[in-house]
Amino acid sequence: MPTTPPTAHRTRFFDHRIPALYVGRYTIHAKQSVNGLNIEDAFPDRAQCFDVRGPRFVIPATDVHASYPRPGSTGLYSQVLPHLTFESPGVPWLRRLKGEDPAVPWTALLVFRENELPEDPLALGHTEACTATELLDGHLPGTPPKIDPEHLFDDEREMLCATVLVPGDLFTALAPLPKEMGMLAHIREGGPPDAALGIASAPDEDELKAVVVANRFPDAAGGRHVVHLLSFDGFESHLGGTAAPSQGLRMVSLWSWAFETEPDTGMGFGDLAQQLAAQPDLLLRLPVPSPPQNPSAAQQAALERLSIGATALPQRLETGERSFGFYRGPLTAARAQPVPAPSSGERLESAGEALAYVQPYGVFDASYAAAFSLGRTLALADAEFRTALLAFRKAARGAVRRLLTHPELVGRAVSPATAGLLLREHPARDAFDRLLDGSSGTARLASALAGAGADLTNGRVRGQARHRRSGSGATLTAAGVRSALADAQVADVLRQATARELEPVSAWLARLPLLEMIPFEHLVPDPRMLPQESLRFFYVDAAWVRAAVDGALSVGVGHAVDADLNALARQVPRPAPCGLLLRSDLVWNWPKTVMTGFRGDRPIKEIHRASYGSDVLLLLFSEVIDTFTLAEPPQGLHFGFSDIGTIELRKLSGPDIGYPMGEFPENPGDDRFGRFLRGGGYDVLNVAGPGDPLLPALALAHSVPALSSAQLTLQMIKAPQVQTFTRP
């Protein structure tokens, strides 16, 4: 089983940050006296006024770090609580609400759906703008906040602010209680792991950020939503569950964003992943529901072929007879058996040569023949490749002819790269230049010409019998091209000499081992092998890929030398040993799903990924894997419940703080966390209100008197779900 990867990052939660001084106006009074002397009037009292400034009607954009769901996004968000993260850790507690605990922030996130806000029925984020003075004077409909104008700074009076009108009954249904406001805000620290800093290390000020979490889940039926960070400054009298005025409240929206959630079909990431893992067979092959108890020899042979991934398809023979034959693509349920070498040597020269005849039962296995034909068809359909292949063969034939007359280029004294370069750049002319090199060049030229004249007079070709390859006794003649190409040194020299023409051919052929150009019907010849919502492991048959390569190289072969020269281009990368196919809604709905293959506890490199349509994904790995994991995409830390209506309990203290303890509640039912929601059908989380609130239930599950806001946050983290699959 795969193990948890090493920790590279940590997250810690803190309850709140109470400021030493809240935002507002302050006066310091100084009075002096001297003990034993009645001179009080000699030292007049002094008063010093100063202001503590902070946001009141507007939150600067620089103070907002991120919001979730992302503004303008569309997704399945009905199981998460929207939240807003601040760059500064103290923003939610800069002001103190009258009569409330210091831990209660002065802001809260409220989530509104379509047709709930009268001035924004489409939930687009529309607000009404006015100055602070106009707001307090009641120029807009709704009850304004009760803020003494004397407590306003001069520059705040004409400050433009965004406002929303919240109907009274809607505010009463949605507004969190003061205690809930304190529990739904916390400070988060992200930084190096505790192993480096120590578990009791002081918070890193540069990594602290405040987070405010909403108390309402988006609608499971889908639709647009708008989230407003509302100021409760001046609305203290309406907190605590008391009914709001019927005309509604005119509230300041400090920040807002809109998003759209998709309908919740009840099949979330976890449900789909569990459904994939529950299937009886995870190998890419036809299901055999009820094989015979005592199969005959013919039935047993057919079952064996089906078990490795083959299927039976109609076949029409060259004689016109109709029969059936077996076909298997490059993906196999078991390791493919070694294939005997073709009669022509290491390569296939025709599809018929690759056709396997199952003699005892009079049927054919067309797997490798189909691969050869497919490779040839793909090459014929690609004009650019055909042109490159013919250009390569022309260059290779020229290099062979030049090598026959200059066999000295193959040997230990000359590297393949240098020899290949010389073959491309006129070796006869280079030899003539070397003949003229040095002060004695003229004498050597005269001697060579005189000797050549004598040889021609006597009817001899100079040096013909002495042109032999270094280290070999074989003469390089046209008849010996095949045997010459079998020599690794000769093949290397020719590859270097034709590198420019060979490159596009090799690049095209290298796509075949990655299965890039193979039609899906050749990979999965029967749809029953990969039904909807399925995951299948497979091996890759290297011999099938080689047959397709031979088929592609068979295009334009004019004579035996061309076929022999194909060996220079036939060396393609070895196919990946294994992979898997996934056909699921996960491919479309969770495109950033983390997929990892393991061998033991070691992650294996993924070397290729391809999509077929909108719901099929193919993955190839560099080694054979024995386990595979699907992990829900980590879209950032957010809060909510799982697909089955539970949350993950986590330890509250100790060295393993945050480690999972099991699902809560143990028997969730089918009510989407409904036990802990307020009545009225608004999907508002009952954190600490009347009835059956979440907070005391969690405290009881942990056997503690109460939970703090940081501890509640730890429980409400909606961690990504992971499903592990073991290869049969």
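Residues numbered from 1 in each chain as written. Predicted model: local features only at pLDDT ≥ 70, side-chain atom pairs only at ≥ 80, totals over all residues. Heavy atoms only, no water.

A. Here's a closer look at the overall build of the protein. The helix and strand inventory of the protein stands at 21 helices and 30 strands. Sorting the 728 residues of the protein into buried and exposed places 46% on the buried side. If you take every contact in the protein between residues at least 6 apart in sequence, the share linking residues at least 24 apart comes to 76%. (Helix = DSSP H or I, 4+ residues; strand = E, 2+ residues; numbered from the N terminus. Buried < 20%, exposed > 50% of the residue type's maximum accessible area, 1.4 Å probe, protein only. Contact = heavy atoms within 4.5 Å.)

B. Spatial organisation of the nonpolar core. Ranked by internal contacts, the top residues of the largest apolar core, which has 59 residues, are Leu-331, Trp-508, Leu-509, Leu-512, Leu-581 and Leu-618. Every element with two or more residues in this core is listed here: α8 (367–380), α9 (383–405), α14 (488–497), α15 (499–509), β20 (534–540), α17 (542–553), β24 (606–612) and β25 (616–621). If sequence neighbours within four positions are ignored, Leu-581 has contacts with Leu-284, Leu-331, Phe-520, Val-524, Leu-530, Ser-534, Leu-535, Arg-536, Phe-538, Val-616, Leu-617 and Leu-618. Among the nonpolar cores identified, the runner-up in size contains 55 residues, and Phe-57, Ala-108, Leu-239 and Trp-257 belong to it. (Core = buried A, V, L, I, M, F, W, Y, C linked by side-chain atoms within 4.5 Å.)

C. Local environment of the sheet that holds strand β15 (residues 311–316). Here 4 strands make up an open sheet; going across it, the order is β15-β16-β19-β18 and the pairing mixed. Since the sheet does not close on itself, it has two edges, and those belong to β15 and β18 (356–358), each with one partner. Neighbour to neighbour, the strand axes of the sheet diverge by 35° on average, direction disregarded. Looking at chain direction, β15 and strand β16 (residues 322–327) are connected through 6 bridges and run antiparallel. When the sheet's bridge partners are listed, Pro-314 is paired in β16 with Phe-324. (Pairing = 2+ DSSP bridges. Axes fitted to C-alpha atoms, helices over the stretch in contact; angles between N-to-C directions.)

D. Geometry of the sheet that holds β20. Taken in spatial order, the 5 strands of this open sheet run β17-β20-β21-β25-β24, and their pairing is antiparallel. One side of each edge strand has no neighbouring strand; the edge strands of this open sheet are β17 (331–332) and β24. One ladder, built from 6 bridges, connects β20 with strand β21 (residues 578–583); its direction is antiparallel. Bridge assignment links Phe-538 to a residue of β21, and that residue is Gly-579.

E. Structural detail: the pattern of salt bridges. For the structure shown, the criterion picks out 28 salt bridges. Where Asp-541 meets Arg-328, a salt bridge forms, and the shortest distance between an N and an O atom there is 3.2 Å. Placement of the pair is Asp-541 in the loop between β20 and α17 and Arg-328 in the loop between β16 and β17, with a sequence separation of 213 residues. Just as Asp-541 is buried, Arg-328 falls in that class too. A salt bridge links Glu-516 to Arg-511, with the nearest nitrogen and oxygen atoms 3.0 Å apart. Residue Arg-511 is classed as partly exposed on the basis of its relative accessible area, which comes to 33%. Salt bridges here are not isolated pairs; linked through shared partners, they connect Arg-113, Asp-219 and Asp-683. (Salt bridge = Lys/Arg side-chain N within 4 Å of Asp/Glu carboxyl O.)

F. Expanded view of unusual backbone geometry. Cis rather than trans, the peptide bond between Tyr-68 and Pro-69 has omega equal to -5°. Checked against the element boundaries, Pro-69 lands in the loop between β4 (64–68) and β5 (74–75). Of the consecutive residues Phe-664 and Pro-665, the connecting peptide bond is found in the cis state with omega at -10°. Look at Ala-123: it is not a glycine, yet its phi comes out positive at around 55°. Among the secondary structure elements, Ala-123 is positioned in the loop between β8 (107–113) and β9 (128–131).

G. Empty space enclosed by the protein, seen in detail. Within the structure shown, the criterion is met by 6 cavities of 30 Å³ or more. In this model, the largest cavity occupies a volume close to 80 Å³. Lining of the largest cavity is provided by Leu-81, Met-183, Leu-184, His-186, Val-213, Phe-639, Leu-712, Thr-713 and Met-716. Per-element accounting of the lining of the largest cavity gives the leading share, 3 residues, to helix α21 (residues 709–716). Of the residues belonging to the lining of the largest cavity, the class tally is 7 nonpolar, 2 polar and no charged. (1 Å grid on protein atoms, 1.4 Å probe; cavity = no way out; pocket = protein on both sides within 12 Å on 5 of 7 lines; lining within 4 Å. Points joined across faces, edges and corners; volume = space filled by probe spheres on them. Nonpolar A, V, L, I, M, F, W, Y, C, P; charged D, E, K, R; others polar.)

H. Quick peek at the layout of surface pockets. Here the second largest pocket defines a volume of roughly 800 Å³. In this structure, the second largest pocket is lined by 31 residues; those nearest its centre are Gln-337, Pro-338, Val-339, Pro-340 and Tyr-368. Among the elements that make up the lining of the second largest pocket, the one with the highest residue count is α17 (4 residues). Residues of the lining of the second largest pocket, tallied by class, amount to 17 nonpolar, 4 polar and 10 charged.

I. Inspection of the environment of Leu-553 at higher detail. In this structure, Leu-553 sits in helix α17. Owing to a relative accessible area of 1%, Leu-553 belongs among the buried residues under this scheme. Along the backbone, Leu-553 and Arg-570 are 17 residues apart, and their C-alpha atoms lie at a distance of 7.9 Å. Not counting the four nearest positions on each side in its chain, Leu-553 is found in contact with Leu-389, Arg-393, Leu-509, Asn-566, Ala-569 and Arg-570.

J. View of the packing of helix α20 (residues 694–702) against α21. Running from N to C, α20 and α21 cross one another at 85°; their axes reach a closest spacing of 11 Å. Taken together, the axes of α20 and α21 lie roughly perpendicular to each other. On α21, the residues that touch Leu-694, Leu-695, Leu-698 and His-702 of α20 are Leu-712, Gln-715 and Met-716. Taken together, the residues that form the contact of α20 with α21 break down as 5 nonpolar, 2 polar and no charged. (Parallel < 35°, antiparallel > 145°, perpendicular 65-115°, else oblique.)

K. Main features of the packing of aromatic side chains. Under the criterion given, the structure shown has 14 aromatic pairs. Geometrically, the ring pair formed by Tyr-68 and Tyr-77 is edge-to-face, given 5.9 Å between the ring centres and 80° between the ring planes. Overall, Tyr-68 belongs to the buried group, its relative accessible area being 6%. When the centroid spacing of 6.4 Å and the interplanar angle of 70° are considered together, the rings of Phe-621 and Phe-628 count as edge-to-face. (Phe/Tyr/Trp six-rings, centres within 6.5 Å; stacked < 30°, edge-to-face > 60°.)

L. The arrangement of α8 in detail. The terminal C-alpha atoms of α8, which comprises 14 residues, lie 20 Å apart, in line with the 20 Å expected from a rise of 1.5 Å per residue. Buried within α8 we find Ser-367, Tyr-368, Ala-369, Ala-371, Phe-372, Leu-374, Gly-375, Leu-378 and Ala-379. (Expected span 1.5 Å × (residues − 1).)

M. View of α20. Residues of α20 that are buried: Leu-694, Leu-695, Ala-697, Leu-698, Ala-699 and His-702. Ser-703 lies just past α20 and shows a positive phi near 60°.

N. Up close: the side chain of Glu-236. Along the chain, Glu-236 falls in the loop between β13 (223–231) and β14 (249–261). It turns out Glu-236 is buried and unbridged, and the closest side chain with the opposite charge, Lys-98, is 5.9 Å from it. Reaching out from Glu-236, the side chain makes a polar contact with the backbone nitrogen of Lys-98 at a distance of 3.3 Å. If near-sequence neighbours (up to four positions away) are discounted, Glu-236 is found in contact with Leu-97 and Lys-98. (Lys, Arg positive; Asp, Glu negative; His and termini not counted. Polar contact = N/O pair within 3.5 Å; in protein donor to acceptor, adjacent residues only side chain to side chain.)

O. Quick peek at the confidence of the model for the protein. Summarising the model, the protein shows a mean pLDDT of 84, and 83% of its residues fall at 70 or more. In the predicted structure, residues 1–8 sits below a pLDDT of 50 and forms 12 contacts with residues beyond four places in sequence or in another chain. Low pLDDT, under 50, characterises residues 194–198; the stretch is placed with 6 contacts to residues that sit more than four places away or in other chains. (pLDDT = per-residue confidence, 0-100.)

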